[in-house]
Amino acid sequence: MELVENAAGRLVPTEINGTPAVPYQGVGGFRPEGRKASAPIRSAGDYPADGDKRVGSIKEALQEAGLRDGMTISSHHHFRNGDLLMVPVFDAAAQLGVKNLRWFPSAAFPCHEPLIKHLESGVIGWIEGSLNGPLGRYASEGKMKGLAVLRSHGGRWQAVQDGEVHIDIAVIAAPTADAFGNATGDRGPSACGLLGFGLVDSIYADRSIVVTDNLVPFPCVPWQIMGQNIDYVVEVDKVGDPAKIVSGTTRLTRSPDRLYIAELTAKFVRAAGIMQDGFSFQAGAGGTALAFATYLREMMIAAGVKARFIRGGSTKYLVEMLEEGLTDYILDGQTFDLDGVRSMRENINHIDTSPFTSYNWHGKGNFASMIDAVVLGATEVDVHFNANVVTHSDGAMLHGIGGWQNCLAAKCTILPIPAFRDRIPIIVDKVTTLCGPGELIDVVITERGIAINPLRKDLIAATKNSGLPIKPIEQIKAEVDALVGGPPNKPHFTDDLVGIIKWVDGTVIDSVFKVAGD
């Protein structure tokens with residue numbers, strides 16, 4: 001496989017799973033051309049006049065959709081680790097005897113570990129989507145037939161819209177739907193909030209299947225997925241466990257160090273002059289980011305400041321701010337807990353959005369660049385402010401990208417991270433996997449101090465006399481290295497490529513190689 005050096009100095013392939021690939025050309029360096037992809041034209045004459053598109057089972061729906069070898073099956077991840085649908089879908093595909101399918105989820109979670117048997121049997125050829133946990137480790141060990149392709153949420157929409165990924169069959173888990181295929185995620189016994197990640201699938205796929213455990217008489221209102229884009233509807237006992245949309249990364253931290261980091265982050269936002277009437281912010285789903293929101297809330301109340309909007313993933317902490325009048329709106333991409341689900345259903349100012357409106361780089365603008373401050377996590381940051389969110393210190397690919405890359409377009413990007421995890425420093429000379437270019441990352445906040453990117457002279461000037469512990473990032477790294485006995489050992493890799501990281505514009509920003517055994 002030919003590897004070339006891209007604009008970030010990383011070796012990347014020029015072909016991925018049989019499709020030509022464009023190396024990363026720098027921030028804003030790649031300009032797309034051409035026209036969008038489109039779904040086939042259908043005739044209402046081929047669908048039931050009474051609107052009842054139900055079929056008897058997932059297996060029957062796959063047969064009706066024409067499932068065959070080499071097709072692409074897509075799914076959304078709004079149930080996160082509570083998805084109960086995709087294992088039965090691929091079990092049915094195995095019963096039908098098909099091979100070499102591409103699974104194109106918006107994200108995979110530990111609940112999908114049973115799919116490894118279908119990777120090993122050849123039913124699934126490879127996965128293109130964020131790989132959290134066991135499937136990521138499986139790919140990192142070089143066991144997957146094809147390359148893992150990790151895209152941001154906006155990048156996934158872009159890939160489908162641009163025709164880079166053609167979805168043959170979309171499978172959409174729907175907490176409530178009608179027999180015509182109108183569907184919503186904000187109500188029903190398995191309510192998960194919204195279905196925005198499945199929207200692009202429903203629009204562009206050749207065939208779309210809605211699977212629900214709460215069929216209601218037509219019309220299903222409100223509809224987040226339109227029945228006109230749906231071919232078949234299947235009823236099952238349970239599509240997902242909404243209690244498991246709250247995972248380990250979406251709980252408020254109890255660590256004193258991380259609470260201190262969260263407090264420093266909120267103080268930085270205030271000191272930099274970002275926290276003022278009409279501002280906006282987004283905080284990720286990590287425990288420190290959630291704690292940041294609670295500290296910022298207290299500061300906003302004390303200062304009498306109200307935000308215009310908060311960008312979700314929503315949590316109960318953001319919902320409380322909406323209900324307390326501390327923001328006019330939550331613009332939500334996914335709900336991270338059941339308070340978010342309830343709020344989306346009940347509060348007209350809690351708005352469901354999709355990756356098209358929020359993150360798609362190949363569009364006529366998006367919400368991400370309008371946000372005043374965004375607070376995100378990272379597994380590694382280097383002294384040039386480049387960041388990694390995909391691989392661990394051992395080189396294993398255990399996390400997805402989510403909306404992280406897209407959020408870097410915000411006016412101020414802040415990474416509050418611990419200086420070390422399990423005595424392994426997080427600030428390094430060079431990140432193992434490049435997910436975000438340093439020129440887009442403005443501030444790194446640790447318990448050892450705050451580092452501001454030298455490119456952001458405005459932030460340096462604004463916080464100069466704030467009393468905050470602001471230091472060069474090299475100084476923080478040196479202090480941490482001295483504390484733990486030196487910089488961390490580098491992970492060992494073979495020359496075997498196992499995955500690639502796409503940038504928001506569809507170019508390839510970095511590669512992931514097979515982890516070498518002991």
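Predicted model, so just to flag it, every value in this text is computed and none were measured.

Enquirer: Sorry if this is basic, but what is going on with the environment of arginine 311 here?
Expert: Tracing the chain through its elements places arginine 311 in strand 18 (residues 307–311). Its relative accessible area of 2% is what places arginine 311 among the buried residues. Taking the C-alpha atoms as reference points, arginine 311 and glutamine 161, separated by 150 residues in sequence, lie 23 Å from one another. Here arginine 311 is in contact with Phe281, Gln282, Ala283, Leu318, Leu331, Asp332, Gly333, Thr353, Ser358, Tyr359 and Ile371, once residues within four sequence places are set aside. Of note is the side chain of arginine 311, whose polar atom sits 2.9 Å from the side chain of threonine 353. Reaching out from arginine 311, the side chain makes a polar contact with the side chain of serine 358 at a distance of 2.7 Å.

Enquirer: Would you mind showing me how to read the pairing of strand 19 (residues 327–332) here?
Expert: The two faces of a sheet get side chains in turn, since along a regular strand they alternate between them. Sheet topology places strand 18 next to strand 19; four bridges connect them, and they run parallel. Bridge pairing in strand 19 places isoleucine 310 opposite isoleucine 330. Between the parallel pair strand 18 and strand 19, the chain is carried across by helix 9 (residues 316–323), and the sense of this crossover is right-handed. Here strand 19 pairs with strand 20 (residues 350–352) via three bridges, running parallel. Its bridge partner lying in strand 20, leucine 331 is registered against isoleucine 351. After leaving strand 19, the chain enters helix 10 (residues 338–346) and then returns to the sheet as strand 20, a path that is right-handed.

Enquirer: How should I be thinking about the side chain of threonine 433 in this particular structure?
Expert: Among the structural elements, threonine 433 can be located in the loop between strand 27 (427–428) and strand 28 (443–446). What makes threonine 433 buried here is its relative accessible area of 2%.

Enquirer: Sorry if this is basic, but what is going on with the packing of aromatic side chains here?
Expert: The description of an aromatic ring pair uses the distance of the two centres, along with the angle that the planes make with each other. Evaluation of the coordinates by the stated rule reveals six aromatic pairs. With a centroid separation of 6.1 Å and 80° between ring planes, the pair formed by tyrosine 24 and tryptophan 503 is classed as edge-to-face. Residue tyrosine 24 is found in the loop between strand 4 (19–20) and strand 5 (54–55), and its partner tryptophan 503 is found in the loop between strand 30 (493–502) and strand 31 (508–515); the two are separated by 479 residues along the sequence. Pair check on accessibility: tyrosine 24 and tryptophan 503 agree, each one buried. The interplanar angle of 70° and the centroid separation of 5.8 Å between the aromatic rings of phenylalanine 90 and tryptophan 103 together place this pair among those described as edge-to-face. Taken together, the residues phenylalanine 90 in helix 2 (residues 86–95) and tryptophan 103 in strand 7 (residues 101–105) connect sequence positions 13 residues apart. When sorted by exposure, phenylalanine 90 lands in the same class as tryptophan 103, which is buried. A connected cluster of aromatic rings, assembled from ring pairs, spans Phe279, Phe281 and Phe292. In this structure, arginine 311 packs its charged tip against the face of tyrosine 359, placed 5.1 Å from the ring centre.

Enquirer: Whenever I open this one, the packing of helix 8 (residues 287–303) against helix 9 confuses me. Can you help?
Expert: The relative placement of two packed helices comes down to the angle between their axes together with the axis-to-axis distance. Contact geometry of helix 8 with helix 9 gives a least axis separation of 9 Å together with a crossing angle of 20°. In terms of their interaxial angle, helix 8 and helix 9 are classed as roughly parallel. Considering how the two elements wind past one another, helix 8 and helix 9 form a crossing that is left-handed. Each of Leu290, Ala293, Thr294, Arg297 and Met300 in helix 8 lies in contact with helix 9, whose residues at this interface are Tyr317, Leu318 and Met321. Classifying every residue of the contact of helix 8 with helix 9 gives six nonpolar, one polar and one charged.

Enquirer: Where do I start with the side chain of threonine 335 in this structure?
Expert: Inspection of the secondary structure assignment puts threonine 335 in the loop between strand 19 and helix 10. On the basis of relative accessibility, which here comes to 1%, the residue threonine 335 falls in the buried class. When near neighbours in sequence (up to four residues on either side) are disregarded, threonine 335 contacts Cys192, Gly193, Leu194, Ile245, Ser314, Gly340 and Val341.

Enquirer: What's the story with the nonpolar core in this structure? I'm lost.
Expert: General note: in soluble globular proteins, nonpolar side chains tend to be found buried as a group. In terms of nonpolar packing, the biggest core is built from 95 residues, with Leu67, Leu101, Trp103, Ile169, Trp404 and Leu415 touching the most fellow members. A per-element tally of this core places helix 2 first, with six residues. Membership of the second largest hydrophobic core comes to 39 residues, among which are Ile261, Ile274, Ala283 and Val305.

Enquirer: I would appreciate a short explanation of the pairing of strand 12 (residues 169–174) in the present structure.
Expert: Burial analysis of strand 12 places six of its six residues in the buried class, which makes it a mostly covered element. Both faces of strand 12 are covered, namely the face carrying Ile169, Val171 and Ala173 and the face carrying Ala170, Ile172 and Ala174. Inspection of the sheet shows strand 12 paired to strand 15 (residues 207–212) by six bridges, in the parallel sense. If you follow alanine 173 over to strand 15, its bridge partner there is valine 211.

Enquirer: Which parts of the structure should I look at to understand the sheet that holds strand 30?
Expert: Across a sheet, strands are paired by hydrogen bonds formed along the backbone, either parallel or antiparallel in direction. Spatial strand order, 11-30-31: three strands in an open sheet with mixed pairing. In the strand order of this sheet, the two ends are held by strand 11 (148–150) and strand 31, each with one partner. Adjacent strand axes in the sheet meet at a mean angle of 40°, parallel and antiparallel pairs treated alike.

Enquirer: Quick question: what am I supposed to make of the pattern of salt bridges here?
Expert: Oppositely charged side chains are able to pair whenever their charged atoms sit close together. Following the criterion strictly, the structure yields 25 salt bridges and no others. With a closest N to O distance of 2.8 Å, arginine 156 and aspartate 201 form a salt bridge. Here arginine 156, found in helix 5 (residues 153–161), pairs with aspartate 201, found in helix 6 (residues 199–204); they are 45 residues apart in sequence, far enough to count as distant. Accessibility classification places arginine 156 together with aspartate 201 in one group, the buried group. Several salt bridges share partner residues, and in doing so they unite Arg102, Glu128, Arg151, Glu164 and Lys502 into one network.

Reading guide: rules and limits
- Residues numbered from 1 in each chain as written.
- Predicted model: local features only at pLDDT ≥ 70, side-chain atom pairs only at ≥ 80, totals over all residues.
- Heavy atoms only, no water.
- Helix = DSSP H or I, 4+ residues; strand = E, 2+ residues; numbered from the N terminus.
- Buried < 20%, exposed > 50% of the residue type's maximum accessible area, 1.4 Å probe, protein only.
- Contact = heavy atoms within 4.5 Å.
- Polar contact = N/O pair within 3.5 Å; in protein donor to acceptor, adjacent residues only side chain to side chain.
- Pairing = 2+ DSSP bridges.
- Right-handed = clockwise from strand over helix to strand, strands pointing away.
- Phe/Tyr/Trp six-rings, centres within 6.5 Å; stacked < 30°, edge-to-face > 60°.
- Lys NZ or Arg CZ within 6 Å of the ring centre and 35° of its normal.
- Axes fitted to C-alpha atoms, helices over the stretch in contact; angles between N-to-C directions.
- Parallel < 35°, antiparallel > 145°, perpendicular 65-115°, else oblique.
- Left-handed = near helix turned anticlockwise from the far one by under 90°.
- Nonpolar A, V, L, I, M, F, W, Y, C, P; charged D, E, K, R; others polar.
- Core = buried A, V, L, I, M, F, W, Y, C linked by side-chain atoms within 4.5 Å.
- Salt bridge = Lys/Arg side-chain N within 4 Å of Asp/Glu carboxyl O.

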